[in-house]
Structure formats: structure tokens, C-alpha cells
Number of protein chains: 4
Amino acid sequence: MAILPEQFEIHPTSGAPIYRQLMDQVLALLAGKQIQPGEMLPSVREMAVALGVNPMTISKAYSRLELEGIVERVRGRGMMIREQKIEGSLSKRLQDLETALQPAIVRARQLGLRDDQITPLLHKLLREIPE
Amino acid sequence: MAILPEQFEIHPTSGAPIYRQLMDQVLALLAGKQIQPGEMLPSVREMAVALGVNPMTISKAYSRLELEGIVERVRGRGMMIREQKIEGSLSKRLQDLETALQPAIVRARQLGLRDDQITPLLHKLLREIPE
Amino acid sequence: MAILPEQFEIHPTSGAPIYRQLMDQVLALLAGKQIQPGEMLPSVREMAVALGVNPMTISKAYSRLELEGIVERVRGRGMMIREQKIEGSLSKRLQDLETALQPAIVRARQLGLRDDQITPLLHKLLREIPE
Amino acid sequence: MAILPEQFEIHPTSGAPIYRQLMDQVLALLAGKQIQPGEMLPSVREMAVALGVNPMTISKAYSRLELEGIVERVRGRGMMIREQKIEGSLSKRLQDLETALQPAIVRARQLGLRDDQITPLLHKLLREIPE
DNA sequence: GTGGTCTAGACCACC
DNA sequence: GTGGTCTAGACCACA
């Protein structure tokens, strides 16, 4: 029921803010069902030590996940993954996905990749991050 | 043979740096074959006026595109779209695409979308941005 | 003459401190005349078990209520609801209410609600929590 | 078109976090139409000097207002008040208001105030914070 | 000029 | 034990 700090890693050189990297990893682990609603995230201090960053940076990531409704604070215990609720109409969500997918396709074409090289990769990712 | 500044638009509140938005639009137009190698980008001043943006910002976008080999500086004439060359081994390029694609799939799952809702959207985008 | 712990509930994720939630519920039940002066609050231990909360937290809520003159400690028996006395001049009390009411009105406006949507709600609440 | 830092004040003793006080004042000024969509908030540094607090504290307030959709970042210029959009069904919004209003009524009763003392105060506030 | 990020370290409220 | 707040000060990205 507790998530281990070892499941997270940050790349200090990656340009992306550390707190953002952490948030994205929580979202990715959640999408990949490697962490589940009801589980507790490692405490701020524990995570800070494990990743070698300032506790406030972890705290910032957690707070923003809380504001986005991904986790909730349980007083005196820590941060818990929330039951994920799906919002918005289907068409809105498809529009949102299109916005996220379009740059990847642009990139693919820039890399000179053909449809029959792109689709298998998509299916591989869909299997790795299951419904 | 000249690209019009009207083909570009920027959202100063969109989170993404303006110079990045410009670069991404050049890449998207190129991927969608709406602009072609050999064509000239609008001059920095023209673009800056049209978009209501600081000329230095346009200049930065152009310089970055030059660094990435997308355009080349033609002395006295401006920036020209280069013939696009494909670099790297296939596996490297597939790896690159996977990195670009993965966050989009994570987003799709977070939106509660199923395989049979995601794949049609991919194929639509592949048609819009052809090989 | 004894108040049941079932009349209380706490939300450990709700942002508000648990001891504050408990205090507010005592005040609300009292305002709504669902509990009366002379009645005894459940014992700290009983309440702690019923709510699944640390006894120290219950104790803190009770102590605060005692400090505010809402309840009094009866040696060997527990906490009893006191006869409520009204303090301060009318203008002071109105000022106090204004301070409590203003954020609710700000919220109402932020929600785009009009006078004719707000006043009926006020009257409903005044009926539910009678003089 | 620019909002003055003099319109804001913080009470360091009030218990409420400084960044929260600032957020609430922005919301209150907006509800009272003293500031309008399209206007720019004072810069983080300017506000920090005027209020005598750390710039990061101001920044935190601004970021959270941005996350809540109250203001938006205009690159290179600062934070702009957004056009406010009203969300949720009417019944949801009324429920939200009831939650905000109920504690104020409880307080009023605790202060021994009668309906005919409470309603005039409400109407006064409704006039001060107009539709 | 604008806001954003991060650190080190102090202090607080709550459970 | 948990998370939250604030400071002082450094440094960065962007326009």
C-alpha cells in the first residue's frame, strides 16, 4: 500500500523542472497501473532524501498534484492517490488527445518515418500502458 | 515561393515560449507539406510586426531552426527552408519517436480513452500529415 | 441527555483540521438545536473510536470548546454543553457576522449568482437553523 | 489598466498564509468589480516590495491564481486578470454557495442574531459586491 | 523588464 | 511522524 521512492528518478540535466518530472512520473506510473488509487506516496522528506533534492521541491510537486485532483492530503498520514475521475465530454477529450498527439506525429515525419513504422510503435505503447 | 506571415500565430499566454511556438509551427507546416524546401521564411521584421512580437524573439526562433538544420541563412535574402535530410539509424529514430509518443499515450489513458478511440485518431493525423 | 458519536463525522482529507471540523459540528448542531445545553458530549475515547481518530485530536477539540465557553468540564462525568451566553455589543456582533458573511458573498458572485438566487438560499438556511 | 499594489494589504498576524490572503483579495476585488479582466496585476517584485514580503510568496499566490484560471501569464509582461467563466450547473453552484454560507449563519445564531438583523446585513453586502 | 526554479534552513500546525 | 509556510539569496529562461 506504500509506494517506494525507488520507483522515481529525476534527471537533473533534462531541462524540465524537477517538480514537473516528479509529477509526470506519478502520472505515468498511474497510467501504467504501477501505482493505484488508495496507495500513499512516499513522504516528502523520504522522497527528498532518496532523490537528493530539497524537500520543498517535492512538496511543490505534491501540492500541484493535489490541486489537479490526482492525490489528496490525508491529515497526519501523507499524500494518497485519489480515485481518478474522468472529466469532460468525449469530443473534448479526443480534442485534448489530438493536441497531445499531433506534435509526436510531426516529429515522426521529421524523422522520416512511415505509417507502417509508426503504428506498430503505437500499439506497443498501448500494450505497455493498458486501458 | 515566399511563405506568408499569416500562416503563423502565437499565443503569448500559452505556457510555451513564443520562439518555441514559432519553431514548432515551422516544423508542423513543413511536416504537413504546406511549406516546402527552397521557400523563404518571412523576414524577421515582417514576422515581428505581423505577430506583434519582439523581433529578437523571431530572430531566436530562426537561429534555433538554423542550428537544427531546418533552415539556412542566405546572405542578403533571408532564411530558406532546407532540403530535409534524415539522420540517425532507424532504431535511434524509433527510440526518439517513442519518447515523443509516450506522454501522449499517458495523457490518453488519463483521459480514460480506449485503444479503439485512440487508433482512429492516430490514423486521422497520419493522413493529415502524410509521408 | 447524551449526545451520540454517530451525529459527528470527519473528513480527514478535507483541508480543515480534524479538531476544527469537530468543533464546527458541535457549534452547528447547537445552532440547529439538535443538541442542547445540559447534554453531555461523548467521551474522548468513545468519540475517538467512533471517528477513527487519535484521542488527542478529540481532546484538543474539547479543550478549545471549553476555552470558548461552549462546553464545561464536569469532573468525573465529561464535557457538558453550557448554557450559551451572548457577548459583546450589538454593533460588535454585527461586525463579526459581516466578517463571516463577506467571503460567502464573494464566492457567490464568483459563481455568477444573482441576488434573487442568493436570498432564497439564505432564507432556507435561516429556517433550518432557527432563532 | 494596471492594478496598484496599494490596493492590497496583508495582516501578518491573521493566521492565514500570506499567499492565501493575497489570493482572496484578488478574488474580492474582482467580485467587487474594483479590478477587471484584462488588467495586469502588479509585478511580483513590485508587490513584494510594497507588502514587505518575499517575492516567492507573491509568486506562489500568482501561480495558484493561474492554476485556478483566475489570471493568466502573459510572457514578458506579467499576470493578467482573465475573463471569468462560470462553471457547473446552477444546482451545483447553489450547493457550493450553501456550503460557504452555512458556517456564517451558524456564527450568526451563535452571536444571538435574529433574522431581522441578519437579512439587512446580507443586502448591504449584496449592494457592496454587486452582480 | 517579466516570472520560475531551487536551495538551505527555520518555524509552525496537525495527528 | 506528516505536510505547509516563509525567508534570503542565487540563478535561469524569456521578451
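Residues numbered from 1 in each chain as written. Chains lettered and ligands numbered in written order. Predicted model: local features only at pLDDT ≥ 70, side-chain atom pairs only at ≥ 80, totals over all residues. Heavy atoms only, no water.

A. View of the environment of G32(C). All names here are of chain C. Looking at the secondary structure, you find G32 in the loop between α1 (18–31) and α2 (44–51). Overall, G32 belongs to the buried group, its relative accessible area being 17%. For the pair G32 and R114, spaced 82 residues apart in sequence, the C-alpha to C-alpha distance is 27 Å. (Helix = DSSP H or I, 4+ residues; strand = E, 2+ residues; numbered from the N terminus. Buried < 20%, exposed > 50% of the residue type's maximum accessible area, 1.4 Å probe, protein only.)

B. Up close: the relation of the copies chain B and chain A. Between the two copies, chain B and chain A, the superposition gives an RMSD of 0.4 Å; the rotation angle is 179° and the shift along the axis is 0.2 Å. Taken together, the turn and the small shift mark the pair as related by a two-fold rotation axis. Closest approach to the rotation axis among the C-alpha atoms of chain B is made by L101(B), whose C-alpha sits 3.5 Å away. (Least-squares fit on C-alpha atoms with pLDDT ≥ 70 in both.)

C. Seen up close, the protein's contact with DNA strand E. The immediate surroundings of DNA strand E are formed by 24 residues, with I18(A), N54(A), T57(A), I18(C) and M56(D) found nearest. Considering DNA strand E, the proportion of its atoms within 4 Å of the protein that are sugar or phosphate atoms stands at 73%. One nitrogen or oxygen atom from the main chain of V44(D) is found 2.9 Å from a phosphate oxygen belonging to DNA strand E. If you list the elements that add at least two residues to the surface near DNA strand E, you get α1 (18–31) and α3 (55–67) of chain A, α1 and α3 (55–67) of chain C together with α2 (44–51) and α3 (55–67) of chain D. (Near = heavy atom within 4 Å. Polar contact = N/O pair within 3.5 Å; in protein donor to acceptor, adjacent residues only side chain to side chain.)

D. Structural view of the pairing of strand β2 (residues 78–81) of chain C. Two strands pair when backbone bridges link them, and strand β1 (residues 71–74) of chain C and β2(C) are joined in this way by four bridges, in the antiparallel orientation. Looking across to β2(C), one finds that V74(C) is bridged to G78(C). (Pairing = 2+ DSSP bridges.)

E. Highlighting the interface of chain B and chain A. Taken residue by residue, the interface counts 39 residues in chain B and 39 residues in chain A. Between chain B and chain A lies a buried interface of about 4,000 Å² when both sides are counted; carbon and sulfur atoms form 72% of it. One salt bridge in this structure joins K124(B) and E98(A), with 2.8 Å as the shortest N-O distance. Counting the contacts that link chain B with chain A gives twelve residue pairs in polar contact (both at pLDDT 80 or more). (Contact = heavy atoms within 4.5 Å. Buried area = accessible area lost by both parts, 1.4 Å probe. Salt bridge = Lys/Arg side-chain N within 4 Å of Asp/Glu carboxyl O.)

F. Main features of the interface of chain C and chain A. The interface is formed by six residues belonging to chain C together with four residues belonging to chain A. With both sides pooled, the region where chain C packs onto chain A buries about 410 Å², and carbon together with sulfur makes up 52% of that total. Of all residues in chain C, the largest losses of buried area upon contact with chain A belong to P12(C), T13(C) and G15(C), amounting jointly to 78% of the total for that side. Viewed at the interface, chain A and chain C are joined by zero salt bridges. Here chain C is connected to chain A by three residue pairs in polar contact (both at pLDDT 80 or more). Partitioning the side of chain C that touches chain A into residue classes produces four nonpolar, two polar and no charged. (Nonpolar A, V, L, I, M, F, W, Y, C, P; charged D, E, K, R; others polar.)

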